[in-house]
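Reading the structure
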Amino acid sequence: MKIVNQIIHNFVKTSLLLLLIGGGGSAWATITYVSSTDISADVNGPTQMTFSADGSKMFVSTWAGKKVVEYSLSTAYDPSTKGVGIIFTPVDDLQIGSVNFNSNGTQMYLLNYTGVGSRAKIRRYDISAFSLSGADTTADYTFTASSNSGDFTPGMRFNSDGTKVYLLETDDTIVRQYNLSTAYNLSTAIYSQAFNIPASGSNGYDANPKAFTISPDGLTMYIGGASTQVVYAYSL
């Protein structure tokens, strides 16, 4: 990976996921702080947030709380317009590091925040389109990462068409890529390659990466560091 830009980002809470919409490059110059929204009444230890396809809902996963909270937004992509949270607590004992959905929102994927000596696990839940109300709290499929997986895996992302899934490993400062022969079907995953985050002392390094996402065109990876509180952009 080659670093292409960086920006100071003050985290509202430790491990709060960076959410970026759009590409990199000159887009950095257009970023302007707008507002903050308090979700502490529902969320203890937030790890990631994501929106539904149309921006009418926001989902926040928690590590300490072991749950996902769904908020309806009266204005798309505006957290300040959130309603009362709907709580989803999986039967599986998960320290949730990440929440993701397939393209139409009928499947939710929760990444278990793994510890030392463990392999990353992704659990899939069948739901109504971007709705956790009444959803079955028992996973219908569990994907276990290959032996290539390292310790402490707090983040995962699909690419835009669901044919690739990426896992962020904090201890090894690596993002691993799996290719899916069937979109969003983790049973078809095959390990492909690893992206090494630059070594200590070099430009674009954080020893404690906690959050990441991929641009829609798949050409740029954004990684948020908890130690430096910097968001780094890498060309793929």
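Residues numbered from 1 in each chain as written. Predicted model: local features only at pLDDT ≥ 70, side-chain atom pairs only at ≥ 80, totals over all residues. Heavy atoms only, no water.

1. Quick word on the overall build of the protein chain
Along its length, the protein chain carries zero helices and 16 strands. Here the protein chain, with 236 residues, has 47% of them falling under the buried criterion. When the accessible surface of the protein chain is summed, it comes to about 10400 Å², and 49% of that surface belongs to carbon and sulfur atoms. (Helix = DSSP H or I, 4+ residues; strand = E, 2+ residues; numbered from the N terminus. Buried < 20%, exposed > 50% of the residue type's maximum accessible area, 1.4 Å probe, protein only. Areas by Shrake-Rupley, 256 points an atom, 1.4 Å probe, with all protein chains shown as cover.)

2. Brief notes about the packing of aromatic side chains
In the structure shown here, the tally under the stated rule is 10 aromatic pairs. Here tyrosine 109 and phenylalanine 158 contribute two aromatic rings whose centre-to-centre distance is 4.9 Å and whose plane-to-plane angle is 70°, an arrangement assigned as edge-to-face. Within this pair, whereas tyrosine 109 is found in strand E7 (residues 107–112), its partner phenylalanine 158 is found in strand E10 (residues 155–158), the two being separated by 49 residues in sequence. Since its relative accessible area comes to 10%, phenylalanine 158 is described here as buried. Look at phenylalanine 143 and tyrosine 178: their rings are 5.6 Å apart centre to centre, the planes differ by 85°, and that puts the pair in the edge-to-face class. Taken together, the residues span a long stretch of sequence, with phenylalanine 143 in strand E9 (residues 141–144) and tyrosine 178 in strand E12 (residues 174–180) at a distance of 35 residues. (Phe/Tyr/Trp six-rings, centres within 6.5 Å; stacked < 30°, edge-to-face > 60°.)

3. Here's the deal with the side chain of arginine 123
Inspection of the secondary structure puts arginine 123 in strand E8 (residues 121–126). On the basis of relative accessible area, arginine 123 is assigned to the buried category, the value being 15%. For arginine 123, the contacting residues outside a window of four places in its chain are Asp92, Leu94, Met108, Tyr109, Leu110, Asn112, Ala139, Tyr141 and Thr142. (Contact = heavy atoms within 4.5 Å.)

4. Examining the pattern of salt bridges
Pairing is possible between side chains that carry opposite charge, provided their charged atoms lie close to one another. Following the criterion strictly, the structure yields three salt bridges and no others. Between glutamate 70 and lysine 57 there is a salt bridge; the shortest N-O distance is 3.1 Å. Remark: lysine 57 occurs in strand E3 (residues 57–62) and glutamate 70 occurs in strand E4 (residues 68–72); sequence separation between them is 13 residues. When its relative accessible area of 1% is taken as the criterion, glutamate 70 is described as buried. Exposure remark for lysine 57: the relative accessible area of 17% places this residue in the buried category. Between arginine 124 and aspartate 140 there is a salt bridge, with the nearest N and O atoms lying 3.0 Å from each other. Of the two residues, arginine 124 sits in strand E8 while aspartate 140 sits in the loop between E8 and E9, which places them 16 residues apart along the sequence. Given the relative accessible area of 14%, arginine 124 is considered buried. (Salt bridge = Lys/Arg side-chain N within 4 Å of Asp/Glu carboxyl O.)

5. Some points on the sheet that holds strand E2 (residues 46–51)
Strand order across the open sheet formed by four strands is E2-E3-E4-E5, with antiparallel pairing between neighbours. At either end of the open sheet lies a strand with only one pairing partner, and these are E2 and strand E5 (86–88). Averaged over all pairs of adjacent strands, the angle between their axes in this sheet comes to 20°, without regard to strand direction. Bridge count between E4 and E5: three bridges; the pairing is antiparallel. Note on E5: the bridge partner recorded for valine 68 is phenylalanine 88. (Pairing = 2+ DSSP bridges. Axes fitted to C-alpha atoms, helices over the stretch in contact; angles between N-to-C directions.)

6. Structural notes on the confidence of the model for the protein chain
For the protein chain, mean pLDDT is 80; residues scoring 70 or higher make up 79% of the total. Ranking the elements of the protein chain by mean pLDDT puts strand E1 (residues 2–8) last, at 43, and E4 first, at 96. Residue range residues 2–26 is modelled with pLDDT below 50. Its contacts to residues more than four positions away, or to other chains, number 67 contacts. (pLDDT = per-residue confidence, 0-100.)

7. Comments concerning the environment of glycine 97
Turning to its location among the elements, glycine 97 is positioned in strand E6 (residues 96–101). Using a relative accessible area of 1% as the deciding quantity, one classes glycine 97 as buried. Aside from chain neighbours lying at most four places away, what touches glycine 97 is Thr47, Gln48, Ser61, Leu111, Tyr113 and Pro154.

8. Focus on the side chain of glutamate 70
A polar contact is formed between the side chain of glutamate 70 and the side chain of lysine 57, at a distance of 3.1 Å. Setting aside residues up to four positions removed in sequence, glutamate 70 forms contacts with Lys57, Met58, Phe59, Val84, Gly85, Ile86, Phe130, Ser131, Leu132 and Ser133. (Polar contact = N/O pair within 3.5 Å; in protein donor to acceptor, adjacent residues only side chain to side chain.)

9. A word on the sheet that holds E6
Taken together, the four strands give an open sheet; going across it, the order is E6-E7-E8-E9, and neighbouring strands pair in antiparallel fashion. Single-partner strands in this sheet number two, and they are E6 and E9. Going from strand to strand, the sheet's axes swing by 20° on average, the running direction of each strand aside. Strand direction decides the pairing type here: E6 and E7, joined by five bridges, are antiparallel.

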